[in-house]
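Close look at the chain arrangement
Listed here are the chains, written in short residue letters.
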Amino acid sequence: MNLFVSNIDYKITEDQLKELFAQYGEVTSVIILKDMDDQKPKGYGFVMMSSSYEGQKCVMRLNHRKINDRALSVEEARPKPGEEPEKKERILRPRRKRT
């Protein structure tokens with residue numbers, strides 16, 4: 001499960017964020033986005049957890065938790081525009097006849 005994490009303290013590194021989330025499950029990857037010009041952290045990023053259960057546990061335990069006097073915001077990441085999963089066409093089966 002991909003998680004969007006915002007309001008990250010600018011001094012926190014990707015390794016520290018990984019350690020924090022690893023308390024609640026296996027972390028697949030961590031990315032803190034940085035400014036392209038000066039490479040300073042923007043204060044938000046993404047954490048990929050190995051399962052949906054572990055991701056939900058992180059949302060419940062870490063959302064609004066204060067780290068260095070800043071309350072983290074943790075929620076499930078939304079897909080990029082144009083990358084939404086295709087909706088499957090529902091096939092309706094005929095009703096059973098009552099006897």
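Residues numbered from 1 in each chain as written. Predicted model: local features only at pLDDT ≥ 70, side-chain atom pairs only at ≥ 80, totals over all residues. Heavy atoms only, no water.

Let's talk about the overall build of the protein
A tally of helices and strands in the protein yields two helices and six strands. Along the chain direction, N to C, the helices and strands of the protein fall in the order β-α-β-β-α-β-β-β. Taking 13 Å as the expected radius of gyration for a compact globule of 99 residues, we find that the protein reaches 19 Å, considerably beyond that expectation. The C-alpha extent of the protein, read off along each of the three principal axes, is 70 × 30 × 20 Å. Sequence-distant contacts in the protein: of pairs separated by 6 or more residues, those separated by 24 or more amount to 61%. Total accessible area on the protein is roughly 8,300 Å²; 48% of this is exposed by carbon and sulfur atoms. In the protein, 20 positive and 16 negative side-chain charges are present, and the distance between their average locations comes to 13 Å. (Helix = DSSP H or I, 4+ residues; strand = E, 2+ residues; numbered from the N terminus. Rg over C-alpha atoms; globule rule 2.2 N^0.38 Å. Contact = heavy atoms within 4.5 Å. Areas by Shrake-Rupley, 256 points an atom, 1.4 Å probe, with all protein chains shown as cover. Lys, Arg positive; Asp, Glu negative; His and termini not counted. Charge placed at Lys NZ, Arg CZ, Asp CG, Glu CD.)

Focus on the side chain of serine 6
One can find serine 6 in strand β1 (residues 2-6). On the basis of relative accessibility, which here comes to 18%, the residue serine 6 falls in the buried class. Not counting the four nearest positions on each side in its chain, serine 6 is found in contact with Gly43, Tyr44, Ala71, Leu72 and Ser73. (Buried < 20%, exposed > 50% of the residue type's maximum accessible area, 1.4 Å probe, protein only.)

Here's the deal with the packing of aromatic side chains
Inspection of every chain in the model, using the stated rule, returns two aromatic pairs. Relative to tyrosine 44, the ring of phenylalanine 4 has its centre 5.9 Å away and its plane inclined at 50°; by these criteria the two rings are tilted. In this pair, phenylalanine 4 is assigned in strand β1 and tyrosine 44 in strand β3 (residues 41-49), connecting sequence segments 40 residues apart. Through a chain of ring-to-ring contacts, the aromatic side chains of Phe4, Tyr44 and Phe46 assemble into a single cluster. (Phe/Tyr/Trp six-rings, centres within 6.5 Å; stacked < 30°, edge-to-face > 60°.)

Notes on helix α1 (residues 14-22)
When we look at burial in α1, the residues that qualify are Leu17, Leu20 and Phe21. Taken around the axis of α1, the buried residues stretch over an arc of 90°, which confines them to a single face. Relative to its buried face, α1 has exposed residues pointing more than 90 degrees away, namely Asp15 and Glu19. For α1, the elements touching its buried residues are β1, β2 (27-34), β3, α2 (52-62), β4 (66-67) and β6 (73-76). (Arc of directions from axis to C-beta.)

Concerning α2
Given 3.6 residues per helical turn, the α-helix brings residues three or four places apart onto the same face. What α2 keeps buried is the set Glu54, Gly55, Cys58, Val59 and Leu62. Within α2, the buried residues cover an arc of 145° as seen down the axis, which keeps them to one side. Opposite the packed face of α2, turned more than 90 degrees from it, sit the exposed residues Tyr53 and Met60. As for α2, its buried residues are in contact with β1, α1, β3 and β6.

Things to note about the environment of aspartate 35
With respect to the helices and strands, aspartate 35 occurs in the loop between β2 and β3. On the basis of relative accessibility, which here comes to 29%, the residue aspartate 35 falls in the partly exposed class. Between the alpha carbons of aspartate 35 and glutamate 75 there is a distance of 22 Å; along the sequence they are 40 residues apart. Once residues within four sequence positions are removed from consideration, aspartate 35 is found in contact with Lys40 and Lys42.

Here we look at the environment of isoleucine 32
With respect to the helices and strands, the residue isoleucine 32 is situated in strand β2. Taking the C-alpha atoms as reference points, isoleucine 32 and glutamate 14, separated by 18 residues in sequence, lie 6.3 Å from one another. What isoleucine 32 contacts, discounting residues up to four positions off in sequence, is Ile8, Ile12, Thr13, Glu14, Leu17, Pro41, Tyr44 and Gly45.

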